[in-house]
Protein chains: 2
Amino acid sequence: MNAPHPPPELEPDRVVRELSSSRIRELRAIVPGDRLVLDKDGRARYGGDESPLEPVPPAAVVLARDARDVAAILAFADRERIPVTPRGAGTGKVGGAVPVYGGIVLSVERMDRLLDIDPGSRLARAEPGLVTGRLRDAAEAQGLYYPPDPNSLDTCSIGGNVATNAAGPCSMKYGATRVHVLGLDVVLAGGERLTLGRLTTKSSTGYDLTSLLVGSEGTLAVVVAVTVRLSVLPEARRTLFVPFSSVSGAVDTLVALYRAGIEPAAAEFFDRQALDAMSRVVTIPSGAEAALLFECHGSRASLEETLERMAGVMGNRALEVGVARDGAALRRLWDARKEVSVLVKERYRWRRTEDIAVPPARLPAIADFLAGLRARTGLDIVTYGHAGDGNLHVNFLYQEASRHDDVEQAVSALFRRTLELGGTLSGEHGIGATKRRFLALEQAPALVAAQKRLKKALDPHGIMNPGKIFP
Amino acid sequence: MNAPHPPPELEPDRVVRELSSSRIRELRAIVPGDRLVLDKDGRARYGGDESPLEPVPPAAVVLARDARDVAAILAFADRERIPVTPRGAGTGKVGGAVPVYGGIVLSVERMDRLLDIDPGSRLARAEPGLVTGRLRDAAEAQGLYYPPDPNSLDTCSIGGNVATNAAGPCSMKYGATRVHVLGLDVVLAGGERLTLGRLTTKSSTGYDLTSLLVGSEGTLAVVVAVTVRLSVLPEARRTLFVPFSSVSGAVDTLVALYRAGIEPAAAEFFDRQALDAMSRVVTIPSGAEAALLFECHGSRASLEETLERMAGVMGNRALEVGVARDGAALRRLWDARKEVSVLVKERYRWRRTEDIAVPPARLPAIADFLAGLRARTGLDIVTYGHAGDGNLHVNFLYQEASRHDDVEQAVSALFRRTLELGGTLSGEHGIGATKRRFLALEQAPALVAAQKRLKKALDPHGIMNPGKIFP
């Protein structure tokens, strides 16, 4: 299970654990019936997410039906200074949806309609609660493509993806959520509704508040509709599994591919510990210290040519080049991939997963650092992630609770090394409640102060998701 | 020549036409020698840009050498409440670099170094004055690619591109400047220096101030360094010229190409008036009402396949499909393209060019509107642009000054129709000084107010490029 996380530091006088009966009456008038959840079990269900943070039941849960509900709740909460934690599907990894200050959880799970899809202009509009996989399916039904592919594609919602700027393997080629979002309908803390952005792929009209809102983790506004552009659906996909005798061999190969004009859609990375798990299902050549799992997109004919050229470029660098030429081979690769998840999720009593990113050329330096950490601490550390973006998920795995402190120190050392190498604390999960105590390692006080000034300009009373991102 | 533009509306008490001798002494101490320009001719050279706005000589010009100069000038100007207009190469189309409030023009033209290029991580860092074409060349020397391709590639600077979120034909495939900028070193109005963004392609750490700054037209901060990611350089390019019997035929063809999984790098649009000019150089089939000039990127082998598939998709829709198979054919196409520029720039006494964007499916509606406007007003209107992004440059051409007012009304009608169709006032040029009186047509008062609050959070005294974007 997730290693326990130290409780968030709070300003006690801003915590709202309970609402008075008069405030509850007001809430009932705004959101009658089952849109207001007050019973203990119901509130408990909205206290946690997929982060290691201890769940915190809010004082009330609102299941908004539409933008009017959202606006009325935010106007009320702003007037009464009640913290509001927006919530999508609750699949976040950093506690962004955990209402650490209590108050109201504002769930948009019922706002889950696909509002519009326009193949001629390659646009789709959706309510924030729409599951991302359904948006992808709707695009594919029109012969188009919504590229962001977080692991939680079938459970996460587009609103949550906007909140964290979610990404995934194919962000290597297509970019994270932000580049696909053209516009947002949002509600500010006081209940004011704004339509941000536009329906066009290009615009140079005013400040790009859309991009500012994407990745702001519910601390600036509540999103009530998302407009995304759709991409061209690749005609075909090919998967290659390529083991290397070193991490630097893998990274050098990526660079050689770029220089040959080849851009895979994804280049997933596995370290030796992950490969050990995969070897239960597929043959891993001896001496393999790392592997890349490529996905390539294109037309059927061009992909055959691409694979040939990739094999040519990788020839001397790789231990072997395995192209999954049929469904069975592909399934075996994904089964092997699943073994890594099992290893990380089931074989140990405790785990702690961190999400960092470095410039890709520095992946070998991170690998060296982790090898040293492994040797020094005796902890099992399994790393995989998205090599093309230098984004690694580092898993610290152990059996004894007595090692919690060692892991905390190891994580802290990992962050420091990541930042020394020009990296960032989060590649795709966000900062939320779990990483905010580390933010000052990456961002100068002046930068944090500037962000807080911007937040105050949109949320003067600080009701929007307090306790997140900023220390 | 450019039609005259009404002078910008100003708040008179904020205008600074002259600096006192004590302030000039202070400036001299901060930027000694030829970094400070005070003579009349020198100041006049920094009063205008490529917009139709009447040049306005500033009270002083500073040619900053480095970030320290920028910080010292901004600290001084903020304390003294002197307007500062940042300036790159002065190639802007909307008066963004025209110091309408006087004060100081802060030019970064001498800050033009390429700071770093890292092929392993596909990164480049540059000072803001670097000419964009030089950045592109430096990337290509490493086998990589910096995609944004404004027309002014060989004269505009990367800092100006950041200010306007500049784009170009190939933004259809690769996106405008914003998606390529990973980080910015900036100086705020008070002289405070911030490093925004990161060196990684993905990050979910804090607010994306980088994206907020891109497109903010110098109203939030001065950029002193730009970090961009580099893309994979296409091995080969092919150009196709395809005339259609209607605008909707061209747009339908684009959609059909997308649905066939084909994504051209560029799809440049020309209306019949533009084709008439091109017909001096290339044969335009009779009945052609529009044409698309495609550029396709890929490997040599895959491009041949792509062209075949495009010809298949376009077969019945196009009047003909002309692939430029050799250098001579390609040159002829570009010569024909140049005829359009000559038409627009030389054959008429007056011209007014506007830059709008609509969702691509609505291009036929804009074409219908322009046909009606042409019939109603008798004005010559020539339109070309970037069909894939729905971004059109509409040129109103005329000989008599007596028609200025008619043109002003026609432009206003064009903007209204653009917005009715879900479009935006600017696809790639920005709002600057020339379009700010139209901003309220597109943006609700609450949205303008929110942007002004954000500006105030970063520039409390309003010294940064006043008179731009917001009415």
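About the cut-offs
Residues numbered from 1 in each chain as written. Chains lettered and ligands numbered in written order. Predicted model: local features only at pLDDT ≥ 70, side-chain atom pairs only at ≥ 80, totals over all residues. Heavy atoms only, no water. Helix = DSSP H or I, 4+ residues; strand = E, 2+ residues; numbered from the N terminus. Rg over C-alpha atoms; globule rule 2.2 N^0.38 Å. Buried < 20%, exposed > 50% of the residue type's maximum accessible area, 1.4 Å probe, protein only. Least-squares fit on C-alpha atoms with pLDDT ≥ 70 in both. Contact = heavy atoms within 4.5 Å. Axes fitted to C-alpha atoms, helices over the stretch in contact; angles between N-to-C directions. Parallel < 35°, antiparallel > 145°, perpendicular 65-115°, else oblique. Left-handed = near helix turned anticlockwise from the far one by under 90°. Nonpolar A, V, L, I, M, F, W, Y, C, P; charged D, E, K, R; others polar. Buried area = accessible area lost by both parts, 1.4 Å probe. Salt bridge = Lys/Arg side-chain N within 4 Å of Asp/Glu carboxyl O. Phe/Tyr/Trp six-rings, centres within 6.5 Å; stacked < 30°, edge-to-face > 60°. Lys NZ or Arg CZ within 6 Å of the ring centre and 35° of its normal. Polar contact = N/O pair within 3.5 Å; in protein donor to acceptor, adjacent residues only side chain to side chain. Domains from an automatic or database assignment. pLDDT = per-residue confidence, 0-100.

1. Description of the overall build of chain A
Right, so step 1: A count of helical and extended segments in chain A gives 15 helices and 18 strands.
Right, so step 2: For a compact globule of 471 residues, the expected C-alpha radius of gyration is about 23 Å, and chain A comes in at 23 Å, within 12% of that figure.
Right, so step 3: C-alpha atoms of chain A, sized along the principal axes, occupy 70 × 60 × 40 Å.
Right, so step 4: Evaluated residue by residue, chain A yields a buried proportion of 65% over its 471 residues.

2. Digging into unusual backbone geometry
Leaving glycine out, the prevailing phi sign among residues is negative, and the prevailing peptide bond configuration is trans.
All names here are of chain B.
Right, so step 1: With a phi angle near 55 degrees, R81 is a residue other than glycine that sits in the positive phi range.
Right, so step 2: Residue placement: R81 occurs in the loop between helix 3 (67-80) and strand 3 (84-87).
Right, so step 3: The residue R122 is not glycine, and still its phi comes out positive at about 55 degrees.
Right, so step 4: By relative accessible area, R122 is classed as buried at 7%.

3. What about the relation of the copies chain B and chain A?
Right, so step 1: When chain B is brought onto chain A, the operation consists of a screw motion whose angular component is 180 degrees and whose axial shift is 0.0 Å, with 0.0 Å RMSD remaining. In symmetry terms, the pair is related by a two-fold rotation axis. Closest approach to the rotation axis within chain B is made by the C-alpha atom of S302 of chain B, at a distance of 2.4 Å.
Right, so step 2: Mapped onto chain A, 100% of the interface residues of chain B again fall at the interface, so both copies present the same surface.

4. So, the packing of helix 13 (residues 363-377) of chain B against helix 14 (residues 404-420) of chain B
Relative placement of two packed helices is described by the angle separating their axes and the distance separating the axes.
All names here are of chain B.
Right, so step 1: Helix 14 packs onto helix 13 with a crossing angle of 155 degrees between their chain directions and a minimal axis gap of 11 Å. Comparing their axes, helix 14 and helix 13 come out roughly antiparallel. Note that helix 13 runs across helix 14; the crossing there is right-handed. Counting all contacts with helix 13, which are made through A365, I366, F369, L370 and L373, the residues of helix 14 involved are A410, A413, L414, R417 and T418.
Right, so step 2: Class assignment for the residues of the contact of helix 13 with helix 14 results in 8 nonpolar, 1 polar and 1 charged.

5. Here's the deal with the interface of chain B and chain A
Right, so step 1: Contacts between the two partners involve 87 residues from chain B, matched on the other side by 87 residues from chain A.
Right, so step 2: Summing both partners gives a buried area of about 6700 Å² for chain B against chain A, and 56% of it is carried by carbon and sulfur.
Right, so step 3: When the buried area of chain B at its contact with chain A is split by residue, K202, S204 and Y207 of chain B rank highest and sum to 14% of it.
Right, so step 4: Run the count over chain B and chain A and you get 10 salt bridges.
Right, so step 5: Here R178 of chain A and D208 of chain B are joined by a salt bridge, their closest N and O atoms 3.0 Å apart.

6. Considerations on the packing of aromatic side chains
To describe a pair of aromatic rings, you give the distance between the ring centres and the angle between the ring planes.
Right, so step 1: Summed over all chains, the structure comprises 6 aromatic pairs over all chains.
Right, so step 2: Ring plane angle 85 degrees and centroid distance 5.1 Å describe the contact between F470 of chain A and Y207 of chain B, whose orientation is recorded as edge-to-face. Note that F470 of chain A is positioned in the segment after helix 15 (445-458) and Y207 of chain B in the loop between strand 9 (193-197) and helix 8 (209-213), a pairing that runs across two chains. This pair shows no difference in class: F470 of chain A is buried, exactly as Y207 of chain B is.
Right, so step 3: Relative to F438 of chain B, the ring of F415 of chain B lies with its centre 4.8 Å away and its plane at 70 degrees, an arrangement referred to as edge-to-face. Taken together, the residues F415 of chain B in helix 14 and F438 of chain B in the loop between helix 14 and helix 15 (439-442) connect sequence positions 23 residues apart.
Right, so step 4: Residue classification places F415 of chain B among the buried residues on the basis of a relative accessible area of 0%.
Right, so step 5: Its relative accessible area of 7% is what places F438 of chain B among the buried residues.
Right, so step 6: The lysine or arginine in question, R122 of chain A, covers the ring of Y258 of chain B, its NZ or CZ lying 3.7 Å from the ring centre.
Right, so step 7: Above the face of the Y384 of chain A ring, R337 of chain A is positioned so that its terminal group lies 5.0 Å from the ring centre.

7. What about the side chain of T219 of chain A?
Right, so step 1: One can find T219 of chain A in the loop between helix 7 (209-213) and strand 10 (222-229).
Right, so step 2: Given a relative accessible area of 1%, T219 of chain A falls into the buried group.
Right, so step 3: Within the structure, the side chain of T219 of chain A is placed 2.7 Å from the backbone oxygen of S216 of chain A, a separation counted as a polar contact.
Right, so step 4: The contacts of T219 of chain A, once residues within four sequence positions are left out, are K455, D459, M464, N465, K468 and I469 of chain A together with Y207 of chain B.

8. Focus: the packing of helix 9 (residues 247-259) of chain B against helix 13 of chain B
Residues and elements named next belong to chain B.
Right, so step 1: Contact pair helix 9 / helix 13: the axes reach a minimum separation of 8 Å and the direction vectors enclose 165 degrees. Judged by the angle between their axes, helix 9 and helix 13 are roughly antiparallel. Crossing angle aside, the handedness with which helix 9 passes helix 13 is right-handed. Residues V247, S248 and V251 of helix 9 pack against L363, P364 and A367 of helix 13.
Right, so step 2: For the contact of helix 9 with helix 13, the residue count by class is 5 nonpolar, 1 polar and no charged.

9. Quick notes on the domain arrangement of chain A
All names here are of chain A.
Right, so step 1: According to the domain assignment, chain A contains domain 1 (114-232) and domain 2 (236-420).
Right, so step 2: Every contact between the two is made by 11 residues of domain 1 and, on the other side, 15 residues of domain 2.
Right, so step 3: Both sides together, the interface formed by domain 1 and domain 2 hides about 950 Å², and carbon and sulfur atoms give 54% of it.
Right, so step 4: Summed over the three residues of domain 1 that lose the most area to domain 2, namely P169, M172 and K173, the buried surface amounts to 64% of that side.
Right, so step 5: Our count for the domain 1 to domain 2 interface comes out at 0 salt bridges.

10. As for the confidence of the model for chain A
Low-confidence regions, as indicated by low pLDDT, have predicted coordinates that should not be scrutinised in detail.
Right, so step 1: Of all residues in chain A, 100% attain a pLDDT of 70 or more, and the chain-wide mean is 96.
Right, so step 2: Quick note on the complex model: pTM equals 0.97, ipTM equals 0.97.

11. Concerning the environment of V223 of chain B
Residue and element names in this part refer to chain B.
Right, so step 1: With respect to the helices and strands, V223 occurs in strand 10 (residues 222-229).
Right, so step 2: The spatial distance from the C-alpha of V223 to the C-alpha of V186 is 4.3 Å, given a sequence separation of 37 residues.
Right, so step 3: Once residues within four sequence positions are removed from consideration, V223 is found in contact with V108, P128, V162, L184, D185 and V186.

12. A word on the environment of R23 of chain A
Residue and element names in this part refer to chain A.
Right, so step 1: Turning to its location among the elements, R23 is positioned in helix 1 (residues 21-30).
Right, so step 2: Linking R23 and E80, residues 57 residues apart in sequence, is a C-alpha distance of 8.6 Å.
Right, so step 3: Once residues lying within four places of it in the same chain are set aside, the contact partners of R23 are F76, E80 and I82.

13. Focus: the side chain of S51 of chain B
Residues and elements named next belong to chain B.
Right, so step 1: Tracing the sequence through the fold places S51 in the loop between helix 2 (40-45) and strand 2 (60-63).
Right, so step 2: For S51, a relative accessible area of 6% translates into the label buried.
Right, so step 3: Only 3.4 Å separates the side chain of S51 from the backbone nitrogen of G95, close enough to count as a polar contact.
Right, so step 4: Filtering out sequence-adjacent residues up to four positions away, S51 remains in contact with N2, G92, K93, V94, G95, V98 and T434.

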